[in-house]
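# Examination of the molecular architecture
What follows is the residue order along each chain.
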Amino acid sequence: MASSLIILQRALKNVPKIPLRAAPMSSYTRTLIGKREIAGFGFNGEPSYMDRPDFPMPAIRWKEATPDVCALREKEKGDWNKLSIEEKKALYRASFCQTFAEFSAPTGEWKSIVGLALLLASSALWIFYGLKTFVYGPLPESFNKENREAQLRRIIDLQVNPVQGISSKWDYENDNWKK
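Conventions we followed
- Residues numbered from 1 in each chain as written.
- Predicted model: local features only at pLDDT ≥ 70, side-chain atom pairs only at ≥ 80, totals over all residues.
- Heavy atoms only, no water.
- UniProt positions renumbered as here; feature names shortened; annotations may be inferred.
- 1 Å grid on protein atoms, 1.4 Å probe; cavity = no way out; pocket = protein on both sides within 12 Å on 5 of 7 lines; lining within 4 Å.
- Points joined across faces, edges and corners; volume = space filled by probe spheres on them.
- Nonpolar A, V, L, I, M, F, W, Y, C, P; charged D, E, K, R; others polar.
- Salt bridge = Lys/Arg side-chain N within 4 Å of Asp/Glu carboxyl O.
- Helix = DSSP H or I, 4+ residues; strand = E, 2+ residues; numbered from the N terminus.
- Buried < 20%, exposed > 50% of the residue type's maximum accessible area, 1.4 Å probe, protein only.

An unreviewed UniProt entry lists the protein chain under the name Cytochrome c oxidase subunit 4, with Aromia moschata as the source organism. Check the Subunit (unreviewed entry) section of the UniProt entry for the protein chain; it says "Component of the cytochrome c oxidase (complex IV, CIV), a multisubunit enzyme composed of 14 subunits."

## Some thoughts on empty space enclosed by the protein
Taken as a whole, this structure holds one cavity of 30 Å³ or more when the rule is applied. Computed from the structure, the largest cavity encloses a volume of approximately 60 Å³. Lining of the largest cavity is provided by G42, F43, S48, M50, R52, F55, M57, P58 and A59. Classifying every residue of the lining of the largest cavity gives six nonpolar, two polar and one charged.

## Brief notes about the pattern of salt bridges
Scanning the entire structure with this criterion turns up nine salt bridges. In this structure, E37 engages R73 in a salt bridge whose closest nitrogen and oxygen atoms are separated by 3.7 Å. Separated by 36 residues along the polypeptide, E37 in the loop between α2 (27-33) and α3 (67-76) and R73 in helix α3 bring together distant segments of the chain. The exposure class assigned to R73 is buried, which follows from its relative accessible area of 13%. Between E102 and R93 there is a salt bridge, with its nearest N and O atoms 2.8 Å apart. For E102, a relative accessible area of 39% corresponds to the partly exposed category.

Printed below as a string of structure tokens:
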């Protein structure tokens, strides 16, 4: 085991080291993001900006670098205690559009979704009522209570499905339902 690790280490020393470079960006992508700085890989490797709570590190900065922001970025390389609260906020707003609290805050969008769902449900009920009243005719005679009782009695007399069906629950000796 140890000898195989030594052989692997010697083999890896002879492998030429290739410098890693960022993938070339198309001119269309560059026109989309303008002069904004690419800060990292991002959510999916594309140079795009999204405020996401599950992946809080966008690929590009929110604003383009202005002379004020560049001066603040040089100043932030030093001691952060020398930066004022306003300068820290300006640095944050240059890199990010919203804070976690801002983009995680409820928007109230659920109210319109629930309202639309209730509107659709009520319109479906009105359509059903209209169809039942004006389009469909009366129910056939087989839906009357006497006809349904007669049909049940005929099923019991013919002993339809006597193992697990309705006939299995009928006591033929006492002519009544089993208890």
